[in-house]
Amino acid sequence: MTTAVTEQPGLRTEFPFTLPRGYVDEDGRVHREGALRLATAKDELTAQAEPLVRQNGSYLTIYLIMRTVTRLGAVPVVDRFVVEHMFASDLAFLQDLYRRVNQLGHTEGEVVCPSCEHRFLVDVAGEAAP
């Protein structure tokens with residue numbers, strides 16, 4: 001289930017991404033391109049109220065990701081099954097993107113060139129940082 005978040009001028013609410021490996025569906029198709037929207041208070045509260053989350057706190061991430069990923073390739077619905085069957089590296093990527101977008105307010109990460117040691121920002125969501 002997704003909740004609509006209206007885009008306001010100057011407020012970016014949806015962040016495109018490319019998964020490192022990609023979700024492989026039941027037909028063997030790989031889905032890498034998607035978008036994650038800003039979480040709402042309702043997303044967080046609803047996820048915390050889920051019985052599975054109350055039994056096992058590790059599922060909180062699964063529910064938050066499934067509620068905030070608005071699209072993933074040609075997958076019709078990003079539900080618990082889809083998120084549970086992602087590669088661990090892709091789930092970790094989405095967890096980091098979720099944290100950056102919702103807690104830090106940006107998608108940039110600082111990287112260092114291994115040759116010259118120059119530090120610069122890279123947009124981990126896949127778009128160039130200003």
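Residues numbered from 1 in each chain as written. Predicted model: local features only at pLDDT ≥ 70, side-chain atom pairs only at ≥ 80, totals over all residues. Heavy atoms only, no water.

1. Quick notes on the overall build of the protein
Within the protein, the secondary structure is distributed over 5 helices and 5 strands. Helices and strands appear in the protein in the N-to-C order β-β-α-α-α-β-α-α-β-β. When each of the 130 residues of the protein is scored for burial, the buried share is 33%. The contacts in the protein between residues at least 6 apart in sequence include a share of 52% that link residues at least 24 apart. (Helix = DSSP H or I, 4+ residues; strand = E, 2+ residues; numbered from the N terminus. Buried < 20%, exposed > 50% of the residue type's maximum accessible area, 1.4 Å probe, protein only. Contact = heavy atoms within 4.5 Å.)

2. Topic: helix α5 (residues 88-104)
Between the first and last C-alpha of α5 there are 23 Å, a value that for 17 residues agrees with the 24 Å anticipated at 1.5 Å per step. Listing the buried residues of α5 in full gives D90, L91, F93, L94, L97, Y98, R100 and V101. (Expected span 1.5 Å × (residues − 1).)

3. Overview of the pattern of salt bridges
Following the criterion strictly, the structure yields 7 salt bridges and no others. Residue D43 is joined to R37 by a salt bridge in which the shortest nitrogen-to-oxygen separation is 2.7 Å. For R99, the salt bridge is made with D96, and the minimal N-O distance between the two is 3.0 Å. Here D96 and R99 lie together in helix α5, a separation of 3 residues that amounts to about one turn. Overall, R99 belongs to the partly exposed group, its relative accessible area being 33%. Each of D25, D27 and R29 takes part in salt bridges that share partners, so that together they form one network. (Salt bridge = Lys/Arg side-chain N within 4 Å of Asp/Glu carboxyl O.)

4. A word on the packing of helix α1 (residues 41-49) against helix α3 (residues 59-68)
Where α1 contacts α3, the two axes come as close as 9 Å, and the packing angle between them is 140°. Viewed along their axes, α1 and α3 adopt a mutual orientation that is oblique. Crossing handedness for the pair α1 and α3: right-handed. Only L60, Y63, L64, R67 and T68 of α3 make contact with α1, whose side of the interface consists of K42, D43, E44, T46, A47 and Q48. Among the residues forming the contact of α1 with α3, the class breakdown is 4 nonpolar, 3 polar and 4 charged. (Axes fitted to C-alpha atoms, helices over the stretch in contact; angles between N-to-C directions. Parallel < 35°, antiparallel > 145°, perpendicular 65-115°, else oblique. Left-handed = near helix turned anticlockwise from the far one by under 90°. Nonpolar A, V, L, I, M, F, W, Y, C, P; charged D, E, K, R; others polar.)

5. Thoughts on the sheet that holds strand β1 (residues 14-24)
Spatially, 3 strands are ordered β1-β2-β3 in an open sheet, and the strand pairing comes out antiparallel. On the outer flanks of this sheet lie β1 and β3 (69-72), each paired with one strand and no other. Strand-to-strand twist across the sheet, computed as the mean angle between neighbouring axes with direction ignored, equals 25°. Examined bridge by bridge, β1 and strand β2 (residues 30-37) share 7 bridges and lie antiparallel to one another. Its bridge partner lying in β2, P16 is registered against A35. Strand contacts of α5: β1, β2 and β3, with the helix running at about 165° to β1, the strand carrying the most contacts. (Pairing = 2+ DSSP bridges.)

6. Quick word on a nonpolar patch on the surface
A cluster of nonpolar side chains, contributed by V24, V30 and F87, occupies part of the molecular surface with about 240 Å² of accessible area. Topologically, V30 is positioned in strand β2. (Patch = residues over 30% accessible without salt bridge, like charges linked within 9 Å, V, L, I, M, F, W, Y side chains within 5 Å. Areas by Shrake-Rupley, 256 points an atom, 1.4 Å probe, with all protein chains shown as cover.)

7. Points about the environment of N102
Residue placement: N102 occurs in helix α5. Separated by 62 residues in the primary sequence, N102 and T40 have C-alpha atoms spaced 9.1 Å apart. Separated by 2.8 Å, the side chain of N102 and the backbone nitrogen of A39 make a polar contact. (Polar contact = N/O pair within 3.5 Å; in protein donor to acceptor, adjacent residues only side chain to side chain.)

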